[in-house]
Amino acid sequence: MPPRFLKPSLRGFEPYLPGQQPPDGEDWIKLNTNESPYPPSPRVLAALREAVGDTLRLYPAPLADPAAGALAQAHGLDPAWVRLGNGEDELIAMCFRAFAGAGDRVAFTWPTYPLLEPLCGIHEAVPSPHPLGADWSLPPSFAADPAPLKFLVNPNSPTGTWYGREEVAAVIAAAQGVVVLDEAYVDFAPESRLDLLAEHDNLLILRTMSKSYALAGMRIGFAFGHPDLLASLDTVKDSYNLDRLSIVAAKAAAEDRAHRDSLVSRVVADREWFAGELRALDFRVCPSSANFVFTRPPEGVAAEEVFSGLRRRRVLVRHFGKPPLDGWLRITIGTREQLAKVLRGIAEILQG
Ligand SMILES: Cc1ncc(COP(=O)(O)O)c(C=O)c1O
């Protein structure tokens with residue numbers, strides 16, 4: 001049935017389709033949405049248990065102050081440089097609301113996080129995609145684009161590619177508007193670009209607790225930026241965008257750095273091992289600085305075939321059906337046991 005009441009600008013619009021999220025309790029190996037295979041910090045779980053009580057009848061702190069304070073301290077920043085969102089996705093949407101009006105260009109590299117193009121549709125902004133070059137390198141056209149809002153995902157998803165300091169700094173320095181540096185996966189990368197914050201008042205760095213903090217289910221994102229830039233975000237935010245439990249969880253997670261570091265080092269070690277095993281099966285594997293690998297099956301084997309074969313073995317990985325991604329798979333780094341099962345499945349699929 002045609003969408004009778006949908007506003008005309010959204011007719012024919014293709015929404016963002018997140019990776020499949022099967023019901024809890026089904027025995028899938030879930031390597032399709034880059035969640036953590038390990039649990040969150042026990043300190044987070046204890047803080048949550050304690051927080052379930054009478055204060056839930058009261059609205060939460062509008063700026064999530066306890067969590068902002070803990071994040072500021074953990075990253076050596078003043079709390080005035082920190083904001084939180086209901087997942088990083090909310091912060092990305094807030095950037096559209098605050099910095100790009102109808103008809104404005106929004107620039108991003110391509111391929112990258114596939115939420116950006118649908119958000120352009122919702123906000124009636126004009127997408128300005130810049131195809132990545134050989135080996136997913138940054139094209140010079142991206143820095144030169146005069147768009148008032150630009151997104152650079154580093155490490156990039158789904159490719160896992162890492163862009164170094166000079167390249168990122170050049171994009172920010174050349175920008176005529178706001179540059180959003182999406183660092184959702186940065187804890188798995190060599191270093192972060194927090195060092196650029198003090199030099200650029202048009203830079204907003206976005207992070208998430210969905211990956212390295214193992215809290216995808218809590219929906220916690222955070223932003224670092226100049227207080228004037230954050231004040232612009234405040235003007236478009238929902239009054240109470242984080243609930244009380246998320247604020248408690250975010251604070252406890254930010255305070256337990258040792259837990260995050262140990263989770264990250266396991267994932268990074270397993271990523272390198274898994275990439276080596278895939279290469280031994282003649283898969284092409286992009287160097288990854290994230291908690292997933294982006295990989296292409298050997299000549300003559302379709303990515304779709306590997307995706308479906310794994311699905312039949314109750315393993316979910318991500319296959320984006322459209323070019324230039326259709327020949328590739330993105331596989332989240334799970335536990336060693338899970339990855340070993342993926343490798344056994346792939347070996348069987350290759351044997352036909
Ligand atoms: C590049 C990128 N940015 C942002 C997000 C969203 O993070 P969150 O779960 O905090 O909304 C994701 C989620 O997968 C992502 O891949």
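Look up: the structure comes first, before these words.
Residues numbered from 1 in each chain as written. Predicted model: local features only at pLDDT ≥ 70, side-chain atom pairs only at ≥ 80, totals over all residues. Heavy atoms only, no water.

### Considering the site of the ligand
Item 1. Gly87, Glu88, Asp89, Tyr113, Val153, Asp182, Ala184, Tyr185, Thr208, Ser210, Lys211 and Arg219 make up every residue found near the ligand.
Item 2. A distance of 3.0 Å is found between an oxygen atom of the ligand and a backbone nitrogen or oxygen belonging to Asp89.
Item 3. Separating a nitrogen atom of the ligand from a side-chain N or O atom of Asp182 is a distance of 2.7 Å.
Item 4. Of the residues belonging to the shell around the ligand, the class tally is four nonpolar, three polar and five charged. (Near = heavy atom within 4 Å. Polar contact = N/O pair within 3.5 Å; in protein donor to acceptor, adjacent residues only side chain to side chain. Nonpolar A, V, L, I, M, F, W, Y, C, P; charged D, E, K, R; others polar.)

### Concerning the sheet that holds strand S2 (residues 82-85)
Item 1. Reading across the sheet, the seven strands line up as S2-S8-S7-S6-S5-S3-S4 and stay open at both edges, with mixed pairing between neighbours. Of all the strands in the sheet, the pair left with one neighbour each is S2 and strand S4 (126-131). In this sheet, adjacent strand axes meet at a mean angle of 25 degrees when their direction is disregarded.
Item 2. Summarising the sheet, strand S7 (residues 203-208) and strand S8 (residues 221-225) pair through five bridges and their orientation is antiparallel. Bridging from a neighbouring strand, Ile205 pairs with Phe224 of S8.
Item 3. This element, helix H6 (residues 165-174), spans strand S5 (149-153), strand S6 (178-182) and S7 of the sheet and lies at about 155 degrees to S6.
Item 4. Sheet contacts for helix H7 (residues 227-234): S2, S6, S7 and S8; angle to S7, the most-contacted strand, approximately 65 degrees. (Pairing = 2+ DSSP bridges. Helix = DSSP H or I, 4+ residues; strand = E, 2+ residues; numbered from the N terminus. Axes fitted to C-alpha atoms, helices over the stretch in contact; angles between N-to-C directions. Contact = heavy atoms within 4.5 Å.)

### Some points on the sheet that holds strand S10 (residues 292-296)
Item 1. On the basis of which strands lie adjacent, the open sheet formed by three strands has the order S9-S10-S12 and antiparallel pairing. Among the strands making up the open sheet, the edge pair consists of strand S9 (284-285) and strand S12 (329-332).
Item 2. The pairing of S9 with S10 spans two bridges and is antiparallel. Each bridged residue has a counterpart across the sheet, and for Arg284 the counterpart in S10 is Arg296.

### So, the pairing of S2
Item 1. Of the two faces of S2, both are covered, the one formed by Val82 and Leu84 as well as the one formed by Arg83 and Gly85.
Item 2. Strand direction decides the pairing type here: S2 and S8, joined by four bridges, are antiparallel. Of the residues in S8, the one forming a bridge with Leu84 is Phe222. (Buried < 20%, exposed > 50% of the residue type's maximum accessible area, 1.4 Å probe, protein only.)

### Things to note about the side chain of Ser212
Item 1. Locating Ser212 in the fold gives a position in the loop between S7 and S8.
Item 2. One polar contact links Ser212 to Asp187, side chain to side chain, over a distance of 2.5 Å.
Item 3. Not counting residues within four places of it along the chain, the set of residues in contact with Ser212 comprises Asp187, Phe188, Arg260, Leu263 and Val264.

### Some remarks on the pattern of salt bridges
Item 1. Following the criterion strictly, the structure yields 19 salt bridges and no others.
Item 2. As a salt-bridge pair, Glu183 and Arg207 come within 2.9 Å of each other at their nearest N and O atoms. Taken together, the residues Glu183 in the loop between S6 and S7 and Arg207 in strand S7 connect sequence positions 24 residues apart.
Item 3. The class for Glu183 is buried, based on a relative accessible area of 1%.
Item 4. In this structure, Asp195 and Arg193 form a salt bridge, with 3.1 Å as the shortest nitrogen-oxygen distance.
Item 5. The exposure class of Asp195 is partly exposed, given its relative accessible area of 33%.
Item 6. Its relative accessible area of 3% is what places Arg193 among the buried residues.
Item 7. A single salt-bridge network, built from bridges that share partners, covers Arg165, Glu191, Arg193, Asp195 and Glu199. (Salt bridge = Lys/Arg side-chain N within 4 Å of Asp/Glu carboxyl O.)

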